Amino acid sequence: MLLVVSVIIFFMVELLPGDIAEAVLGQGATEENLAAMREQMGLNKPAILRYLEWLSGAVMFDFGSSIVTQEPVISVVGERFMNTLFLAAYAAVIAVPMAITLGVLVALLRNTIFDRVANVLTLTSISSPEFFLGYILILYFSVEWGMFPAISNLNEGMSLWQSLERTFLPALTLVLVVVAHMMRMTRAAIINLLASPYIEMARLKGAPPWKVIVKHALPNAWAPIINVVALNLAYLITGVVLVEVVFVYPGIGQALVDAVSKRDFPVVQACCLIFAATFILLNLAADVGAILTNPRLRHPK
């Protein structure tokens, strides 16, 4: 799958209009200079050969050099990717326990006012675009109340607490987006199990409702829950482009947007391939986790 994605990424960038050499040298460059630049960048080689060279380098984490800065691409996107991982981990630490806890509570209190209010709020959160939630949080938490900075710029000398404070609003934006989905999937998985015979037997034995869900239903619902958690973790890493742009966060999503605006194609290709690899690996982790938590899948007949 990653190989197919790499082909799509490379040749979709190839199909973009414009001349890379002219983008580097400017419109006033002479034909001789343009020809020399194309020779230097290997643009005169066939596309298949350039793809194979790019792929062989990408396997060794060598994505070439940035057209704008002339630095190795891995040094341009490496630190940005670590910042994105920090933001995703920050949001995940808040979102995953909150989503599972709320999912268990709404399943336990099904058809009550709490369940209905939670469903309305989660549907509202799911239906709201990330950039809209981000601007709403900036309006109230930064402009109106002055609790957190509107721009999440990070510096190397910052302490962990300062970094957490600067990245709270983008992390909260991601939390509001993914908690709703994970909570609803947890609720649905547990409610589907409540009609099982062993759940009915636990109820007939006099087990309290919370024990029926936590001890009997939740362990058997881990497979779909782990699956949706892993998919949302993939979103936290690959879907942060809009959030990083809104909060000017120095992550790989912001690096991708900057590279597109500057026509820095090697950086664009590297960012897209990193996003694809992350999403595919976390999908694989979701499948493996579902198998490990389900004895019927581990020991098929």
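Residues numbered from 1 in each chain as written. Predicted model: local features only at pLDDT ≥ 70, side-chain atom pairs only at ≥ 80, totals over all residues. Heavy atoms only, no water.

## A look at the overall build of the protein chain
Then, number 1: Helix and strand content of the protein chain: 16 helices and 0 strands.
Then, number 2: Along the longest, intermediate and shortest principal axes, the C-alpha atoms of the protein chain span 85 × 60 × 35 Å.
Then, number 3: Every one of the 301 residues in the protein chain was classed for burial, and the buried ones make up 41%.
Then, number 4: Residue pairs at least 24 apart in sequence account for 71% of intrachain contacts in the protein chain once pairs closer than 6 positions are excluded.
Then, number 5: Considering the protein chain, the positive charge centre built from 18 side chains and the negative charge centre built from 20 side chains are found 23 Å apart. (Helix = DSSP H or I, 4+ residues; strand = E, 2+ residues; numbered from the N terminus. Buried < 20%, exposed > 50% of the residue type's maximum accessible area, 1.4 Å probe, protein only. Contact = heavy atoms within 4.5 Å. Lys, Arg positive; Asp, Glu negative; His and termini not counted. Charge placed at Lys NZ, Arg CZ, Asp CG, Glu CD.)

## Points about the environment of Phe63
Then, number 1: For Phe63, the location among the structural elements is in the loop between α4 (47–59) and α5 (73–108).
Then, number 2: Classification of Phe63 as buried rests on a relative accessible area of 8%.
Then, number 3: Along the backbone, Phe63 and Met147 are 84 residues apart, and their C-alpha atoms lie at a distance of 41 Å.
Then, number 4: In this structure Phe63 touches Trp54, Ala58, Val73, Ile74, Pro266, Ala270 and Leu273, once residues within four positions along its chain are discounted.

## So, the packing of aromatic side chains
Then, number 1: A complete count under the given rule lists 10 aromatic pairs for this structure.
Then, number 2: Judged by centre distance (5.3 Å) and plane angle (80°), the ring pair of Phe10 and Phe11 falls under edge-to-face.
Then, number 3: Measuring from centroid to centroid gives 5.8 Å for Phe11 and Tyr51, while their planes differ by 35°, and the two rings are tilted. One end of the pair, Phe11, is in helix α1 (residues 2–14); the other, Tyr51, is in helix α4, with 40 residues separating them in the sequence. (Phe/Tyr/Trp six-rings, centres within 6.5 Å; stacked < 30°, edge-to-face > 60°.)

## Some words on the packing of α5 against helix α15 (residues 265–292)
Then, number 1: The N-to-C vectors of α5 and α15 enclose an angle of 45°; their axes lie 10 Å apart at closest approach. Taken together, α5 and α15 sit at an angle that is classed as oblique. When you trace α5 past α15, the crossing you get is right-handed. Listed contacts from α15 to Val73, Val76, Val77 and Phe81 of α5 are Pro266, Val267, Ala270, Cys271, Ile274 and Thr278.
Then, number 2: Along the lines of polarity and charge, the residues of the contact of α5 with α15 split into 9 nonpolar, 1 polar and no charged. (Axes fitted to C-alpha atoms, helices over the stretch in contact; angles between N-to-C directions. Parallel < 35°, antiparallel > 145°, perpendicular 65-115°, else oblique. Left-handed = near helix turned anticlockwise from the far one by under 90°. Nonpolar A, V, L, I, M, F, W, Y, C, P; charged D, E, K, R; others polar.)

## Quick look at the side chain of Asp115
Then, number 1: Residue position: Asp115 is located in helix α6 (residues 113–127).
Then, number 2: You can call Asp115 buried: its relative accessible area is 2%.
Then, number 3: Among residues more than four places away in sequence, those in contact with Asp115 are Val106, Leu109, Arg110 and Arg187.

## With respect to the pattern of salt bridges
Then, number 1: Following the criterion strictly, the structure yields 2 salt bridges and no others.
Then, number 2: Here Arg187 makes a salt bridge to Asp115, at a shortest N to O gap of 2.9 Å. Of the two residues, Arg187 is situated in helix α9 (residues 168–193) and Asp115 in helix α6; the sequence distance between them amounts to 72 residues. Exposure class is identical for Arg187 and Asp115. Each is buried.
Then, number 3: One salt bridge connects Arg203 with Glu200, and the closest N-O pair in it is separated by 3.6 Å. Of this pair, Arg203 and Glu200 both sit in helix α10 (residues 197–204), 3 residues apart, which is roughly one turn of the helix.
Then, number 4: With a relative accessible area of 36%, Glu200 lands in the partly exposed category. (Salt bridge = Lys/Arg side-chain N within 4 Å of Asp/Glu carboxyl O.)

## What to know about the layout of surface pockets
Then, number 1: Within this model, the second largest pocket holds a volume of roughly 380 Å³.
Then, number 2: Lining the second largest pocket are 18 residues; nearest its centre among them are Leu121, Thr122, Ser125, Leu176 and Val179.
Then, number 3: Where the lining of the second largest pocket is concerned, the elements lending two or more residues are α5, α6 and α9.
Then, number 4: Partitioning the lining of the second largest pocket into residue classes produces 14 nonpolar, 4 polar and no charged. (1 Å grid on protein atoms, 1.4 Å probe; cavity = no way out; pocket = protein on both sides within 12 Å on 5 of 7 lines; lining within 4 Å. Points joined across faces, edges and corners; volume = space filled by probe spheres on them.)

## Considerations on the confidence of the model for the protein chain
Then, number 1: When pLDDT is averaged across the protein chain, the result is 83; 93% of the residues are at 70 or more.
Then, number 2: Mean pLDDT per element in the protein chain: helix α16 (residues 295–298) is the minimum at 66, and helix α7 (residues 130–144) is the maximum at 89. (pLDDT = per-residue confidence, 0-100.)

## Remarks on the packing of α7 against α9
Then, number 1: Remark: α7 packs on α9, axes separated minimally by 9 Å, with the N-to-C direction vectors making an angle of 135°. Between α7 and α9, the crossing angle belongs to the class labelled oblique. In this structure, α7 crosses over α9, and the sense of that crossing is right-handed. Residues Glu130, Leu133, Gly134, Leu137, Ile138, Phe141 and Ser142 of α7 form the contact with α9, whose participating residues are Leu169, Leu172, Thr173, Leu176 and Val177.

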